[in-house]
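Listed below are the residues making up each chain.
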Amino acid sequence: AEFTDSIVSWIEPEVLAPCVIEGRRQLPCLNDVTYAAAVDPAFKQADFALAIEHRTNDNLIVVDHVFSWTGSKRAPLGFGRVCREVADTLRAYGINVVHGDQYAAVAIQQEFLKLGITYKEMTFVRHTRAQLFNNLKHLIQQERIELLDEPKLLRQLRSLEEHICADGNIDVRPDSGQKDDVAIVVALSAFELSQPVYQVPATPIMYGHVYRGWEDALASSHLNFDPLAKCGKYPRCCTVGYCECNGF
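In what follows, the accompanying structure is described. (Residues numbered from 1 in each chain as written. Predicted model: local features only at pLDDT ≥ 70, side-chain atom pairs only at ≥ 80, totals over all residues. Heavy atoms only, no water.)

Note that Val106 resides in helix 3 (residues 105–114). Separated by 13 residues in sequence, Val106 and Tyr119 have C-alpha atoms that sit 9.3 Å apart. (Helix = DSSP H or I, 4+ residues; strand = E, 2+ residues; numbered from the N terminus.)

Here it is as structure tokens:
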């Protein structure tokens, strides 16, 4: 291998190793966890990849499932077939939302919509990959993520390199000739699960209520009486606290 000052390994093997759960290739669907899923669409030479992950109550991120479909120029992937298989896998985990980039987003959104899946597009710009992999790297360094013992995933993570650009920014991409489709969907799912948890407002705004003396009587009464209906002495009843006409 040829190394320069502008190219360094993205992660060291000894840093990655503690996060790999030996012998774990896939996890079944779990209850009471927060799931996230991501796809990296492709239909010819690149792979179409899927990752499913969940976050525990202790904010540990766990990779549950990764898979990829490979196509070629002579035998491109069947668009509808792959989307159906992705949708079937998502439903097995109780997931109806999947994230992905802008590649063929409109067609993929429409196809997934027919299958009952919402495709949320994340627009990849110049620094997006670095942002996703930087988040994943922090999770690995802090041992806050559990990775599958999946050869393709581990091979792609180990092949990633940090390239220092001329303007000083860092780009993360695989070594020459290597793919990163599985690595990117794992990074994207982990990024979604790393976002702050949405907090539901504790107390909604309520309108005030003034107790009226007739309310208890109305609850046990068989009379169909509207205390706000106008009578001869309305609205005096609202002032004194009872209806003088009806005795409530």
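Okay, back to it.
Bringing the sheet that holds strand 8 (residues 160–164) into the picture now. Spatial strand order, 1-8-9: three strands in an open sheet with antiparallel pairing. Of all the strands in the sheet, just strand 1 (7–9) and strand 9 (170–174) have a single pairing partner and so form its edges. The mean angle between the axes of side-by-side strands here comes to 30 degrees, regardless of whether they run parallel or antiparallel. Of the strand pairs in this sheet, strand 1 and strand 8 are connected by three bridges, and their pairing is antiparallel. Residue pairing in the sheet places Ser9 in a bridge with Glu161 of strand 8. Helix-sheet contacts for helix 4 (residues 128–141) involve strand 8 and strand 9, and the interaxial angle to strand 9 is about 80 degrees. Set on the sheet, helix 5 (residues 151–159) makes contact with strand 8 and strand 9; between it and strand 8 the angle comes to about 20 degrees. (Pairing = 2+ DSSP bridges. Axes fitted to C-alpha atoms, helices over the stretch in contact; angles between N-to-C directions. Contact = heavy atoms within 4.5 Å.)

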